[in-house]
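Fold and geometry: a report
Below, each chain spelled out in residue letters.
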Amino acid sequence: MAAVVDSLPAEERTRAVARRRRGRRETRAALLFISPWIIGFLVFTAWPLVNSAYLSLTDYDVINDPNFVGLDNYRQLFEDPKIATSLGNTLFYAAVQVPLYVLVSLALAMLLNKAGRAAGFFRTAFYLPNMTPPVAVGVLLLLVFNGQNGLINEVLGFFGIDGPNWTTDPNWVKPAIILTSLWSVGSSMIILLAALRNVPQELYDAARVDGANGWQRTVRITIPMISGALFFVVVINTIAAFQTFTEAYTAFFGSGNTTYGNEAALFYVIYLFQQAFEFLNMGYASAMAWVLFVIILLITLVQLRVSKRLVYYEGEQR
Amino acid sequence: MSAQSLDVGRAQDPSQPVFTAGGPAGTPGAGTPGPGRNGDRRPSRWTVGRVLVVAALVALTVVFIYPFVWLVSASLKPRGEVFDNKLIPETLTFENYLNVWADAPMLLWFGNTLLVTVLAAVTVTISSALVAWGFAYFRFKGRDALFGLVLATMMLPGAVTMVPVFLIWNSLGMVNTLTPLWAGNLFGSAFYIFLLRQFFLSLPRETFEAAKIDGANNWTLFTRIALPLTKPAMIVTLIFEFQAAWTDLMRPLIYLRDSDKFTIPRGLKALLDQFGFGGEWHWEIVVTASVITTIPMIILFFLGQRHFVEGIATTGAKG
C-alpha cells in the first residue's frame, strides 16, 4: 500500500494519504459503535462455545472443579436410552410439525390474500395466539386436550368420535403438542402474506391470458415467487422445532408433576435442561449441546444447499 | 405518525421491500383501498369464491380465538364448574381472581416482570441501534464479513450456549437475581441489529452528508438525525423484546430460585406444579393465573399491532 502511494505524483499522494487517514478514522468510529456487539459476541457466544466444547470433555457439577474424562460423555450418549427417546421424539416432532406448520401458515396467508378489506380483521385474529405466553399455552394444552372433559374430545364427541386420552396416552401426546403448536402460526403467516402481496399482478394476468388455471398459477407463479420467504420460514421453524421446550415442559414436566411425566413428551432440549439444571451434569449437558449444534448445523446446511436450486430471489445479486 | 416516516424510507429506495405488509393493503383500519400493486387485486363483488373464502376465514377465526375465550370464561366460573365447557358461565364470579392474589404474590411477580421487561427492551433497543448504525453508515474493511457473522449468530441455537452462559452468570454471583434475564441485552441482539440496519440503510444519505458539512460529528449525526428518523423501527424492537422478555420461561427456570424473585410466567409454572399436579387440585387458580399472564400481552398487541405486523414482515422479506 505504502509503495503504491509513494509512486504517485505529489498532489495525488497527499489526497491518498488524506483518504487513508479518513478511512482509518471512519473505521475507528465504526468499531466504537459496533463494540457492544463485539463484546457480547466474544463473551456470550464465542467463549461459551469454546467453554462448552471443553466442558463436554469433563465431569462437571458446578460445585467441584471439572475432571477431564475425554470422550466419556459422548460414549455415554450412545448408551443413554433417554437420549434415543428424546432425540427420536424431537426428530419426529420436527419432521411432522415443520411441514404442517408451513402448510397451514401458507394456506392462511393465501386465504387472507384473497380476503380483501376484511384481511386486517382476520389477520389480527390469527396472530392473537402468538401473544399468549408459551407457559399459558402449555396450561391450555393440558386443559383443551384433556381426555375426560377437554374441549377437543367434547367437539369430537359431537361428531360421534370417541377421542383419545391425549395427555396421558403416549401415542397421542406428541400429536397434541403438534396441534397446539399450530395455534401460533401467526408470525410465519404474516411473513408469507407480505411475500404474497409482493408478487406482481401482471404475472397472473399474463398467465390468465395464456389459459393457466388457478392451480397452475399457484404452482408456477405464486410458489416460485415467494420461495425466498417460504425458505426463510422453513429454516427458522426447523431450528425452533429442534429446540421445542416451553409448552411441553410446562405441561408434562416440572416439580410435583410425576403422574403426567411422560416419555413421549421428552424432547431433546428438555432432557438437556434436566441434565444441566436438575441433575447438575454440566459436562454431559455440554456434550448434548454439541450434538444438537451439529445436527441443526447439518440440517440447515442441507436446507441451504437445496434452496440454491429451488429458491428464486428477485433481483438476485449473489 | 410512524407510517409516514416508513413511507419516506421506502420512497427513498424502492428496491428495498421494507415493510411490505404494512402498506395500505395490510394496515388494519385502512378504509380506502390504496393505490399500487394490490389495489387492483381487491375483489369488489361478492362472488361465490369470495363468500367461500370469507366463510373459511370465519370458521378459522373461531378455531383460533376459541381456546382463549374458553380460558377467560373458565376463569370466571366457580370452582366446580370450571370444566363444564360452557361458553357463558352459569354463575359469573370473580372469586378466582381474588383467590389468586391470596395464594400467590402476583403483585410482586408482576413488578419483577415489569422491571425485567422494561430493562430488557430499553437496553436491547439502544445497544442494537448503536451497532446497527455502525454497520449501516460507516464503510470499512471487513464490514460485510463482520455483518455476516452477526447474521450467522441468528442461526445459532440458543440451547447450545445455555449451560456456559449460566456458568458465566453463576461465576458473577448473579444466579437468583433478575440481572441475567436482561443484562445480556446490553450487547445488542442480532435480530434487532439486522432489523434496525435495514431501516438506517433506507434513510437518505445526503441528509447526513449535509449535516456533516455543517459540522456535525458522528455522535450528533447518530443521536440527532438517525435516531429520530428511526423511531418506528425502534418501537418495533421495543415491543418485540418486551413480548419476548415477558413470556420467557426458560431463563427464569434456570436463574430464579426463590419465589419472591419469580416473573409471572415462572410463577404460573409454580402454580401449575402446586395446584395442577401437586395433589392440591385447584385448576381454577391455574386457569385464572394463565389469563392474568396473558392479558398484558394482548393489551400490548392491540397497542402496537401495526408494528408487530411491520416488524415480522420485514424480517421475512430480507431473510
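Residues numbered from 1 in each chain as written. Chains lettered and ligands numbered in written order. Predicted model: local features only at pLDDT ≥ 70, side-chain atom pairs only at ≥ 80, totals over all residues. Heavy atoms only, no water.

Here we come to the overall build of chain A. When helices and strands are counted, chain A shows 15 helices and 2 strands. Radius of gyration (C-alpha) of chain A: 26 Å, far over the 20 Å computed for a compact globule of 318 residues. Taken along its principal axes, the extent of the C-alpha atoms in chain A is 90 × 75 × 30 Å. In chain A, of all internal contacts separated by at least 6 residues, the share reaching a separation of at least 24 is 67%. (Helix = DSSP H or I, 4+ residues; strand = E, 2+ residues; numbered from the N terminus. Rg over C-alpha atoms; globule rule 2.2 N^0.38 Å. Contact = heavy atoms within 4.5 Å.)

In terms of helices and strands, chain B carries 14 helices and 0 strands. Each helix and strand of chain B, ordered N terminal to C terminal, gives the series α-α-α-α-α-α-α-α-α-α-α-α-α-α. Across the 319 residues in chain B, those meeting the buried criterion constitute 55%. For chain B, the exposed surface amounts to about 13,600 Å²; the carbon and sulfur share of it is 65%. (Buried < 20%, exposed > 50% of the residue type's maximum accessible area, 1.4 Å probe, protein only. Areas by Shrake-Rupley, 256 points an atom, 1.4 Å probe, with all protein chains shown as cover.)

This next bit is on a nonpolar patch on the surface. Residue and element names in this part refer to chain B. A surface patch of nonpolar side chains, about 380 Å² in accessible area, is lined by Leu 114, Val 118, Val 122, Ile 126 and Leu 238. Ranked by the residues each element gives to the nonpolar patch, the list is headed by helix 4 (residues 106-137), at 4 residues. Among the secondary structure elements, Val 118 is positioned in helix 4. (Patch = residues over 30% accessible without salt bridge, like charges linked within 9 Å, V, L, I, M, F, W, Y side chains within 5 Å. Salt bridge = Lys/Arg side-chain N within 4 Å of Asp/Glu carboxyl O.)

Before going further, it helps to spend a moment on the environment of Leu 52 of chain B. Mapped onto the elements, Leu 52 of chain B comes out in helix 2 (residues 48-75). For the pair Leu 52 of chain B and Ile 299 of chain B, spaced 247 residues apart in sequence, the C-alpha separation works out to 32 Å.

Residue and element names in this part refer to chain A. The positions UniProt marks with the feature "transmembrane region" (unreviewed entry) are residues 29-50, 91-112, 124-145, 176-196, 225-245 and 282-302. Span residues 225-245 is 81% helix and 0% strand, its end C-alpha atoms 33 Å apart. Counting secondary structure, residues 282-302 comes out at 100% helix and 0% strand; the distance between its end C-alpha atoms is 30 Å. (UniProt positions renumbered as here; feature names shortened; annotations may be inferred.)

Looking at chain A, the domain boundaries give domain 1 (2-50) and domain 2 (79-310). When each unit is reduced to the centre of its C-alpha atoms, the spacing between domain 1 of chain A and domain 2 of chain A is 44 Å. (Domains from an automatic or database assignment.)

Turning next to the interface of chain A and chain B. Each partner contributes residues to the interface: chain A has 95 residues there, and chain B has 101 residues. Between chain A and chain B lies a buried interface of about 8,800 Å² when both sides are counted; carbon and sulfur atoms form 76% of it. Run the count over chain A and chain B and you get 0 salt bridges. A per-class count over the side of chain A that touches chain B returns 65 nonpolar, 24 polar and 6 charged. (Buried area = accessible area lost by both parts, 1.4 Å probe. Nonpolar A, V, L, I, M, F, W, Y, C, P; charged D, E, K, R; others polar.)

Let's shift gears to the nonpolar core. Phe 126 and Ile 177 of chain A are the most contacted members of the largest nonpolar core, which totals 158 residues. With 11 residues, helix 13 (residues 283-303) of chain B is the single largest residue contributor to this core. Beyond its immediate sequence surroundings of up to four residues, Ile 177 of chain A is in contact with Tyr 93, Leu 141, Ala 248, Phe 252, Ala 265 and Phe 267 of chain A. Membership of the second largest hydrophobic core comes to 34 residues, among which are Phe 147, Ile 193, Phe 200 and Ala 211 of chain B. (Core = buried A, V, L, I, M, F, W, Y, C linked by side-chain atoms within 4.5 Å.)

With that settled, the discussion passes to the packing of aromatic side chains. Taken as a whole, this structure holds 42 aromatic pairs over all chains when the rule is applied. Between Phe 121 of chain A and Phe 122 of chain A the ring centres are 5.2 Å apart and the planes differ by 75 degrees, which places this aromatic pair in the edge-to-face class. The exposure class assigned to Phe 122 of chain A is buried, which follows from its relative accessible area of 5%. Ring geometry for Phe 277 of chain B and Trp 283 of chain B: centres 6.3 Å apart, planes at 90 degrees, overall edge-to-face. The class for Phe 277 of chain B is buried, based on a relative accessible area of 6%. Judged by relative accessible area, Trp 283 of chain B falls into the buried class, the value being 9%. (Phe/Tyr/Trp six-rings, centres within 6.5 Å; stacked < 30°, edge-to-face > 60°.)

This part covers the packing of helix 5 (residues 119-127) of chain A against helix 9 (residues 186-197) of chain A. Residues and elements named next belong to chain A. The N-to-C vectors of helix 5 and helix 9 enclose an angle of 150 degrees; their axes lie 9 Å apart at closest approach. As far as their axial angle goes, helix 9 and helix 5 are roughly antiparallel. Two packed elements cross with a definite hand, and for helix 5 against helix 9 that hand is right-handed. For the pair helix 5 and helix 9, the contacting residues are Ala 119, Arg 123, Phe 126 and Tyr 127 in the first and Gly 186, Ser 187, Met 189, Ile 190, Leu 193 and Arg 197 in the second. Residue composition of the contact of helix 5 with helix 9, grouped by class: 6 nonpolar, 2 polar and 2 charged. (Axes fitted to C-alpha atoms, helices over the stretch in contact; angles between N-to-C directions. Parallel < 35°, antiparallel > 145°, perpendicular 65-115°, else oblique. Left-handed = near helix turned anticlockwise from the far one by under 90°.)

For helix 6 (residues 158-171) of chain B, which comprises 14 residues, the first-to-last C-alpha distance of 20 Å matches the rise-based estimate of 20 Å (1.5 Å per residue) to within 8%. If you look at helix 6 of chain B, its biggest bend is around 30 degrees, right at Pro 164 of chain B. Counting buried residues in helix 6 of chain B gives 11 out of 14 residues, a clear majority hidden from the surface. Along its buried surface, helix 6 of chain B packs onto helix 2 (10-55), helix 14 (268-278) and helix 15 (282-310) of chain A together with helix 11 (250-255) of chain B. Remark: Gly 173 of chain B follows helix 6 of chain B within two positions and exhibits a positive phi of approximately 70 degrees. (Expected span 1.5 Å × (residues − 1). Bend = angle between axes of the 7 residues up to and from the residue.)

By secondary structure assignment, the location of Tyr 249 of chain A is in helix 13 (residues 246-252). Of the residues examined, Tyr 249 of chain A reaches a relative accessible area of 4% and is grouped as buried. Remark: the alpha-carbon pair of Tyr 249 of chain A and Ile 270 of chain A, spanning 21 residues in sequence, is separated by 6.7 Å. Residue contacts for Tyr 249 of chain A: discarding those within four places in its chain leaves Gly 254, Ile 270, Phe 273 and Glu 278 of chain A together with Leu 253 and Lys 269 of chain B.

With that out of the way, let us pick up the pattern of salt bridges. Residues and elements named next belong to chain B. Across all of its chains, the model carries 10 salt bridges over all chains by this definition. Between Lys 86 and Glu 90 there is a salt bridge, with the nearest N and O atoms lying 3.0 Å from each other. Residue class for Lys 86 comes out partly exposed when judged on its relative accessible area of 38%. Among the residues examined, Glu 90 registers a relative accessible area of 57% and is labelled exposed. With its nearest N and O atoms 3.1 Å apart, the salt bridge here joins Asp 248 to Arg 251. Arg 251 sits in the partly exposed class, given a relative accessible area of 32%.

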